Structure formats: structure tokens, C-alpha cells
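What follows is the residue order along each chain.
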Amino acid sequence: MKKYDYLVVDAGLYGAVFAHEMIKKGKTCLVIDKRNHIVGNIYTYTKSGINIHRYGAHIFHTDNLDVWEYITQFVEFNNYINAPTAAYRDELHNMPFNMNTFSKVWGIRTPADKVQ
Ligand SMILES: Cc1cc2nc3c(=O)[nH]c(=O)nc-3n(C[C@H](O)[C@H](O)[C@H](O)COP(=O)(O)OP(=O)(O)OC[C@H]3O[C@@H](n4cnc5c(N)ncnc54)[C@H](O)[C@@H]3O)c2cc1C
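Treat the numbers as computed from the prediction; the structure is a model and nothing was measured.

Chemist: Explain the pairing of strand E3 (residues 44–47) here, please?
Modeler: On any regular strand, side chains alternate: one points to one face of the sheet, the next to the other face. Strand direction decides the pairing type here: E3 and strand E4 (residues 50–53), joined by four bridges, are antiparallel. Counterpart to threonine 44 in the pairing with E4 is histidine 53. The turn linking E3 back onto E4 is made up of two residues, and serine 48 within it adopts a positive phi angle of 50°.

So, in C-alpha cells, the structure goes:
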């Protein structure tokens, strides 16, 4: 039976990064996962040309240059900007909600003016 330096029980981001770094140091890793796919919660698959996030939408964000340089050695990112809106009574509102939203929806100026 083949022997490994590490058994990594997680084919998600953590396990993948750990295994990658250990292999760079000359170690051997066996990565296993109870799911039938890799990358854990960020798993996506393609249907009719559309990327579908099986476990919920994921947006990568960091202000850490080391993290950015690490991740971009593997993948290229596009410049998607997350700007969700919510439609309420035929009007669009920015999300997440803030005092401007409540002012527009309920005509109040401070939390103390809460609608009765
Ligand atoms: C709906 C949703 C949306 C998110 N959105 C964002 C986002 O927009 N931006 C962001 O930065 N982060 C987001 N996150 C968080 C991000 O998904 C996690 O931080 C990241 O995926 C964690 O990676 P991980 O390797 O630690 O864990 P996971 O991705 O959970 O991977 C762990 C893996 O280990 C396996 N495993 C666990 N126990 C066992 C076992 N006993 N035996 C075998 N296998 C096992 C699991 O099957 C899984 O595949 C979101 C998370 C969710 C759920």
C-alpha cells in the first residue's frame, strides 16, 4: 500500500492549499472528501453555458496583497462588481439596506423615527 506524509480530509480551499504547499515542500498528500467533487463549498458546474454555484453564490474579495498574489497564480479573475438591488413596489433599492433605503421607503430620517 502506498504511504503518504499527510492524509488531508478536505478537498475544499483549505485542504487544497495545504496539500499544494506541502507538495511544494516535497511531501506527499492523499486528499479525500466525502463529496463526489473537489473544492468544497465553492464548487460550481456548468449548465447550458452558465456557471452554477451548487452551495450558494461566491464572490472572492480581499484587501491582502499576499492573498491576491497567491490566488492569481492559479486563476484569472474578471472585474465583477457586486451591486445587488431589491425591487419593492416598482422601485429599485440598493442592498444591503441602509438609512437611505428606509428614508425612501418609509419617509423616515433616523432609526428613532421608526414606522409604527
Ligand atoms: C452559501 C455560501 C456562500 C459563501 N459566500 C462566500 C463569498 O462570497 N466569499 C467568500 O470569501 N466566502 C464565502 N463563503 C465561505 C467559503 O465558502 C468558505 O470560507 C470556504 O469554502 C471554506 O473552505 P474550506 O476548505 O475551509 O471548507 P469547505 O469548502 O466546507 O470544504 C470542506 C470539505 O471537507 C469535506 N469534509 C468535511 N468533513 C469531512 C469528513 N468527515 N470526511 C470527508 N470529507 C469531509 C466536505 O465535504 C467539504 O468538501 C460562502 C459559504 C457559503 C456556504
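Chemist: Please clarify how the pairing of strand E6 (residues 91–94) should be interpreted in this entry.
Modeler: Strand direction decides the pairing type here: strand E5 (residues 85–88) and E6, joined by four bridges, are antiparallel. Opposite alanine 86, over in E6, you have histidine 93 as the bridge partner. Where E5 folds back onto E6 in an antiparallel hairpin, the turn is made up of two residues, including arginine 89, whose phi is positive at roughly 50°.

Chemist: What exactly am I supposed to notice about the site of the ligand here?
Modeler: Near the ligand there are 18 residues, and of these Gly12, Tyr14, Lys34, Gly40 and Gly56 occur at the shortest range. Top element by residues in the shell around the ligand is helix H1 (residues 13–24). It accounts for three residues. For the shell around the ligand, the class distribution of residues is eight nonpolar, six polar and four charged.

Chemist: Looking at this structure, I do not really get unusual backbone geometry. What am I missing?
Modeler: Where the residue is not glycine, phi is negative for most of them; where a peptide bond is considered, it is trans in most cases. The omega angle of the peptide bond from methionine 95 to proline 96 is 0°, so this bond is cis rather than trans. With phi around 70°, valine 39 is a residue other than glycine that occupies positive phi space. With respect to the helices and strands, valine 39 occurs in the loop between strand E2 (29–32) and E3. Given 16 C-beta atoms within a 10 Å radius, valine 39 is considered partly exposed. Phi angles above zero are rare outside glycine, and aspartate 90 is one such case at about 65°. For aspartate 90, the position within the fold is in the loop between E5 and E6. The class for aspartate 90 is exposed, based on 5 C-beta atoms found within 10 Å.

Chemist: Would you take a moment to explain the environment of valine 8 for this structure?
Modeler: Tracing the sequence through the fold places valine 8 in strand E1 (residues 6–9). Distance from valine 8 to phenylalanine 18, taken between C-alpha atoms, is 8.2 Å for residues ten residues apart in sequence. Beyond its immediate stretch of four places on either side in the chain, valine 8 contacts Gly15, Phe18, Ala19, Cys29, Leu30 and Val31.

Chemist: Sorry, what's going on with the domain arrangement of the protein chain here?
Modeler: Frequently, the measure chosen for interface size is the accessible area removed from exposure when the parts meet. On domain assignment, one finds that the protein chain holds domain 1 (6–71) and domain 2 (81–111). The gap between the C-alpha centroids of domain 1 and domain 2 is 35 Å.

Chemist: What's the story with H1 in this structure? I'm lost.
Modeler: For an α-helix the count is 3.6 residues per turn, leaving residues at separations of three or four pointing the same way. Between its first and last C-alpha atoms H1 spans 16 Å; for twelve residues at 1.5 Å apiece the expected length is 16 Å, and the two agree. In the stretch just after H1, glycine 26 is the one whose phi turns positive, near 90°.

Chemist: Looking at this structure, I do not really get the environment of methionine 22. What am I missing?
Modeler: Looking at the secondary structure, you find methionine 22 in helix H1. For methionine 22, a count of 16 C-beta atoms within 10 Å gives the class partly exposed. Sequence separation between methionine 22 and aspartate 5 is 17 residues; the distance between their C-alpha atoms is 9.1 Å. Excluding its chain neighbours within four sequence positions, the residues that come into contact with methionine 22 are Asp5, Tyr6, Lys27 and Cys29.

Cut-offs and rules
Residues numbered from 1 in each chain as written. Predicted model: local features only at pLDDT ≥ 70, side-chain atom pairs only at ≥ 80, totals over all residues. Pairing = 2+ DSSP bridges. Helix = DSSP H or I, 4+ residues; strand = E, 2+ residues; numbered from the N terminus. Near = placed C-beta within 6 Å. Nonpolar A, V, L, I, M, F, W, Y, C, P; charged D, E, K, R; others polar. Buried ≥ 20, exposed ≤ 12 C-beta atoms within 10 Å, placed from the backbone. Contact = placed C-beta atoms within 7 Å. Domains from an automatic or database assignment. Expected span 1.5 Å × (residues − 1).

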